[in-house]
Amino acid sequence: MRILIIGGGGREHAIAWCLAKSPQKPTLFVAPGNPGTHELATNITLNAQNSAGVVSFVKDNKIDLVIIGPEQPLVDGLADFLRKNEISVVGPSAMAARLEGSKSFAKAFMARHGIPTAAFKTFRQDESREALRFVREQGAPIVVKASGLAAGKGAIVCLTLSEAELAIEQLMVGQTLGDAASEVVVESFMTGEEVSVFVLTDGLDYVTLAPAQDHKRIGEGDTGPNTGGMGAYAPAPAYTPQIEQEVRRRIIEPTLAGMKGEGHPFQGILYVGLMLTPTGPSVVEFNCRLGDPETQVVLPLMKEDAVDVFRAMAEGGIEKLSLEKVHESSACVVMASAGYPGAYQKGRPITGLDVSSDPSVMVFHAGTIENDIGEIETNGGRVLAVSATSATLKGALDLAYDRVARISFEGSQYRRDIGQKGLGLALDINTSVSSNPAIRQK
Ligand code: GLY
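Criteria and thresholds
- Residues numbered from 1 in each chain as written.
- Predicted model: local features only at pLDDT ≥ 70, side-chain atom pairs only at ≥ 80, totals over all residues.
- Heavy atoms only, no water.
- Pairing = 2+ DSSP bridges.
- Helix = DSSP H or I, 4+ residues; strand = E, 2+ residues; numbered from the N terminus.
- Contact = heavy atoms within 4.5 Å.
- Axes fitted to C-alpha atoms, helices over the stretch in contact; angles between N-to-C directions.
- Salt bridge = Lys/Arg side-chain N within 4 Å of Asp/Glu carboxyl O.
- Buried < 20%, exposed > 50% of the residue type's maximum accessible area, 1.4 Å probe, protein only.
- Parallel < 35°, antiparallel > 145°, perpendicular 65-115°, else oblique.
- Left-handed = near helix turned anticlockwise from the far one by under 90°.
- Nonpolar A, V, L, I, M, F, W, Y, C, P; charged D, E, K, R; others polar.
- pLDDT = per-residue confidence, 0-100.

A few words now on the sheet that holds strand 12 (residues 213-214). A sheet is described by the order of its strands in space; here five strands give the open sequence 12-15-18-22-19, paired in antiparallel fashion. Both outer strands of the open sheet, strand 12 and strand 19 (361-365), are each paired with one neighbouring strand and no more. The pairing of strand 15 (residues 231-234) with strand 18 (residues 329-336) spans four bridges and is antiparallel. Within strand 18, the position partnered with G231 by the bridge is V333. Helix-sheet contacts for helix 13 (residues 393-404) involve strand 15, strand 18, strand 19 and strand 22 (382-390), and the interaxial angle to strand 18 is about 30°.

All right, on to the pattern of salt bridges then. Enumeration according to the criterion identifies 21 salt bridges in this entry. Between E12 and R11 there is a salt bridge, with its nearest N and O atoms 2.8 Å apart. Comparing E12 with R11 shows no difference in burial state: the two are buried. For E244, the salt bridge goes to R248, with nearest N and O atoms at 3.2 Å. Placement of both E244 and R248 in helix 10 (residues 241-261) is noted, with a separation of four residues, approximately one turn of the helix.

This brings us to the packing of helix 8 (residues 128-138) against helix 9 (residues 161-173). For the pair helix 8 and helix 9, interaxial distance at closest approach is 10 Å and the crossing angle is 165°. It follows from the interaxial angle that helix 8 and helix 9 lie roughly antiparallel. Considering only the axes of helix 8 and helix 9, their crossing is right-handed. Across the interface between the two elements, S128, A131, L132, V135 and R136 of helix 8 pack against L161, A164, E165, I168, E169, M172 and V173 of helix 9. Of the residues that constitute the contact of helix 8 with helix 9, the class distribution is eight nonpolar, one polar and three charged.

Bringing the confidence of the model for the protein into the picture now. Scored by pLDDT, the protein has a mean of 94; 95% of the residues are at 70 or more. Throughout residues 425-442 the model reports pLDDT below 50, and contacts reaching past four residues in sequence, or to other chains, amount to 53 contacts.

Quick look at the structure:
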């Protein structure tokens, strides 16, 4: 089995690591990969925007399965192009990936299908006056979102009216995010615990992975600007079995059935970003891929053969998988460069990566690079993520932080409160298969 993974972050390192553990011993290629994936796979230079080039590589190298990690190539239609060329691929079509690529589409879709989400109104970029009038009527707190892909910078939570006015000025008049804000969604502010749920589907049936909680802000106590994610843990005990049932019935199943009913069945990984509000679970956002850093905690908890799981998403057979109930916990702590999520320096040597460690602890590379003399240096904002698995969340956090303390690079920063919300709460999460007749209906 020969598998190509598209992407080069911590998520793709975790996918490669999980596949490398398979008894089927797949041969792995990662494009572009990173020094971490280099240990497990052949890193290759391949432009994901050049679909024809990806197909040539796949054919020349007899690749059996392609897994597309990041959102941009999915939104651009890479999965469609591969399928047209009869290549097995994990990832939705461009039309289905609009659930992430266009917040305006996603919100209208949810409204059409009665899927719970925050009340909203959408504006074109030339409607800044109308948007300003709307936020003044609604008052703060309020959320202003660029509709298109914006590398995690598109959602602005405004606690005051002047912050909301500034966000509208920046996105709609200053066009700071360019075309990503050609439409802007203004939505009401929700309170509660956030949980990320990953739905793996072949377009007919689905399974869910252990629910995870990300830590999006840079600062402890969820303060400071948003980042790509500073750490995660799973399972998130706030996602109780009762909430899980409600999310399946009111969100996951209507979403899959709705996409199918509209002629664009979702096949691949649907990331359901939830807010567990006092009135019930509500969708914050959909994404069309695995999350980063959530992947670094959900995949280590998956006991099944990852080759079979990814293959089933591409080729069918999800109904034959029965993911085991999760009895352990996993935690991951992201180490980032000084200044991140703002400007940061690259090229800082990293030490402590080679300390031999417990097999239940993994260092997943993201913004790293090997220099001319074979040393690993920083090369990005989020540099790496240390993940650990243990019988308890406390045990996983202790292992992860112990390993973090042995790794150093100039100016490294990480949050010391990852997983605190999850400590002390009950753990009883089921990840069973659900065969949903509504989705199966043609
Ligand atoms: N952790 C957030 C994301 O992957 O979008």
